[in-house]
Amino acid sequence: MTAAEALAGHQARAAQVLPDRLDAEAAEQFRRLVVPDLDDEQVRAVTVALAERVSRYHSWGPWPAARIFPALESRRAAWTAGDVELLFGFARPASLKVTVLRVAIGAAEELDPADRGGLVECFRQAQELVMGTNEGSSGERSQLLRRLALLADTAGDGVPVLAGRLQIGDGWSRAVVERLNVPPADIDAFGALLDHALTLTSGPRPTKAWVQRAAELLDGRAGLLDLLHRVLHLAHTCRPEPVKQDHATFHLRLSRDNADLVRGLLWAAQVSGEEWLVHVVLALEPTLHEPKPLNACYAVLGRRGDADAIAALVRMQRGTRHRGKLKQIAAALDEAAAAAGISRSELTELTIPDCGLDRRRQRRIGAALIEVDERARVRVTWDDGADKADAEVRSATADLKKALADERARLEDLLVEDRDWPFAVWRQRYAEHPVTGSLATRLLWTVSDGEHRYTGLPDADGGFTLPGGKTPGDAARVRLWHPVDADAEEVRAWRAHILDHELAQPFKQAFREVYLLTPAEEETRLYSNRFAAHILRYQQAYALMKERRWGSNYLGGWDGGYDGEAKREFPAAGLTAVFHHEQAVDGGGDPVQFCSTDRVRFERGRGRARQDVPLAEVPGRVFSEAMRDVDLFVGVTSIATDPTWADHRTDDARFGYWQAFAFGELTANGQVRRQVLEHLLPRLKIRDRARLDGHYLVVDGRRHTYRIHIGSGNILMSPNDRYLCIVPAGAGKTPGVRFIPFEGDAMLSIVLSKAMLLADDHKITDPSILRQLD
């Protein structure tokens, strides 16, 4: 019998007992007087017929005959799977979906579990209908979802172990229901574990009692541990499914409804010390959006605290600029460090991977030789006739490049920590480490042995030769050199040494800008106005702040969106630098186009205990590094570095700023750039046509003489210092420049590229430049 034939049969039987007009009064009389005397077949017929009528009722108001359904349901009819499928089908087109679904769910619950095997898809579609409607109360809808979950779980040969514990709807819950087969021997234990996981709701970390109970549940249960692994594996391998949340539909692997359960399961895996936990967390973390399980990913690794867990935390820390994530990762690292009795920084350096390299910084994989060269670049050499598409080699190369990038960033962070190491420890962790050593041996270190203080580069064996030919003894201490701690003569000498020997450092060290406290800052005492009153391109500035790990609120046309505070934490010093900025008048654009800069200050503590710290009490390295970042924000994103601003009207309020800064005094960043140019010019092919003059690199072309501002890259040309607009094509290698002592100064490349172009101005073919030259 087809569904249409079954429906027609039910409607014919129902017509024999239902009144022709079913208003509120007739429905009440039918409920009280007729329903008690109906036989089983009539109960089913009337229920199906009335449900079909509801599916055609297009009003959001109450249906007069809805009160009949509870009376019919109380008769406990002997339903068939075909009848139940009809009832669920009526819910899809109905305006009053919850009304029909109550009837359909009640009928399905009367079926034997074996007869429900073919209705699982009906139950899942019904869950989507419930989540997509606002009919009824939220509590009623939640109850319907739980009943549907139980029906799906107990369909066929299923067991109700997931019912009431897993909210069906997101990708993970669907994958668990479809793919997880719980052996009968583990049903009770798995249910108890799920119940226990759901009790972890009071805070980000479990209590001792919770941990103890989890350990008891998992002790000696290999099958249960395997189920735990499979459930968490499904959380990141499942397909995202549409979920209605906060009045919108999102495609989610894990929704808010199941966040507590996954968090509890992650902690259960940590309690049991499973080896697979780190790999699961690394795969799961990028897929999560709900804060509870996301924060649990970091917390369980911090509690685990072994080398793999710390390496995973550092990897995730380097991979995000999200302020909330960074805070949680820092808390996890601090917990692991406290448990080990060492600092967070030392904990991190103990977990640096060697990526399989030997002491020569080489690794052989089949026909490929992977090595790190003297400039920390990864090279792969293949044997003749080798398959260069080897997946293992590609993966190992990518991992090595990532490790080198992470180490470069970590070593630069050490500049502000001001740590030192016993010489033997330093040699083992830095000079001799195959990954770290490729970077550390090109940096300057200061060695002190109680009698002598020596700064230099490590020799080929990773050691130092002190004055008098001595080598450091066990009592010697090694620390990373920072120019803020040296006098001007020592800094100049090391910069000359770097240039003369063409030693490319992994980051700016010898040429690092130095920012010392000025008399004006001594007078303001609690804040610095050194970089105030600049106008920045806000979107670029905001991105750069995030890149440099300054967390900031986003400016916009909402409450609290006018003023911004960018903050960078210096945990080793217990300080936070704060850079104030605000929207600049830009015609109310959305998004905000420009911001103006304000003061920089430092604070200690959090919340109500937070207090401003006098600048004179801020360690020199911390002050210099914070001001260097702010100088970078200004130097890179100021409108003064935009050559097209010369086209703006002179009555534009920002034009005066552009003109003053575009050709003004050099900042510390610009002064370092000038020193580099001073050493590079004699080595360039344009050395006879270029010279330094104050803030400018002057270039003699055949058509004109050009003055390129070293700070902004803007150009004035003869006669009468006319402005020349040349928009840089983009970042890349500067033609004709063989060696630059550091990476990361885009403006240096721009200045040199423009100089090379204008020295041969007779060869220029760009029409937009030629029009200005002529």
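On a predicted model such as this, the values are computed, not experimentally measured, just so you know. (Residues numbered from 1 in each chain as written. Predicted model: local features only at pLDDT ≥ 70, side-chain atom pairs only at ≥ 80, totals over all residues. Heavy atoms only, no water.)

A.B. asks: Give a description of the sheet that holds strand E5 (residues 378-382) that names residues and reports values.
C.D. replies: In sheet architecture, strand pairing relies on hydrogen bonds along the backbone and comes in two forms, parallel and antiparallel. Taken in spatial order, the three strands line up as E3-E4-E5 in an open sheet, and their pairing is antiparallel. The sheet terminates laterally at strand E3 (362-365) and E5, the two strands that pair on one side only. The mean inter-strand angle of the sheet, taken between neighbouring strand axes irrespective of direction, is 20°. Pairing geometry for strand E4 (residues 368-372) and E5, over five bridges, is antiparallel. (Pairing = 2+ DSSP bridges. Helix = DSSP H or I, 4+ residues; strand = E, 2+ residues; numbered from the N terminus. Axes fitted to C-alpha atoms, helices over the stretch in contact; angles between N-to-C directions.)

A.B. asks: Outline the sheet that holds strand E9 (residues 477-480), supporting the account with residue identities and numerical values.
C.D. replies: Ordered in space as E6-E9-E7-E8, the four strands form an open sheet in which the pairing is antiparallel. Each of the sheet's edge strands pairs with one partner strand only, and the pair in question is strand E6 (420-422) and strand E8 (453-456). Neighbour-to-neighbour, the strand axes of the sheet open up by a mean angle of 25°, direction not taken into account.

A.B. asks: Lay out unusual backbone geometry with the relevant residues and their values.
C.D. replies: Of note, the bond from Ser 718 into Pro 719 is cis; its omega dihedral lies within 30 degrees of zero at -5°. By secondary structure assignment, the location of Pro 719 is in the loop between strand E20 (715-717) and strand E21 (722-724). Residue Arg 76 is not a glycine yet carries a positive backbone phi of 55°. Note on placement: Arg 76 falls in the loop between helix H4 (68-73) and helix H5 (81-91). Notably, Ala 533 is not glycine yet its phi reads approximately 70°, a positive angle. Take Ala 533: it is sitting in the loop between strand E10 (527-528) and strand E11 (535-537).

A.B. asks: With reference to specific residues and values, describe the nonpolar core.
C.D. replies: Membership of the largest hydrophobic core comes to 63 residues, with the highest contact counts inside it found for Trp 172, Leu 232, Leu 265, Leu 266, Leu 301 and Leu 313. The contact partners of Leu 232, leaving out residues within four places of it in the chain, are Val 262, Leu 265, Leu 266, Ala 269, Trp 276 and Val 280. Counting residues in each nonpolar core, the second largest holds 53 residues, with Val 35, Val 43, Ala 94 and Leu 145 among its members. (Core = buried A, V, L, I, M, F, W, Y, C linked by side-chain atoms within 4.5 Å. Buried < 20%, exposed > 50% of the residue type's maximum accessible area, 1.4 Å probe, protein only. Contact = heavy atoms within 4.5 Å.)

Worth remembering: the numbers are spatial, not functional.
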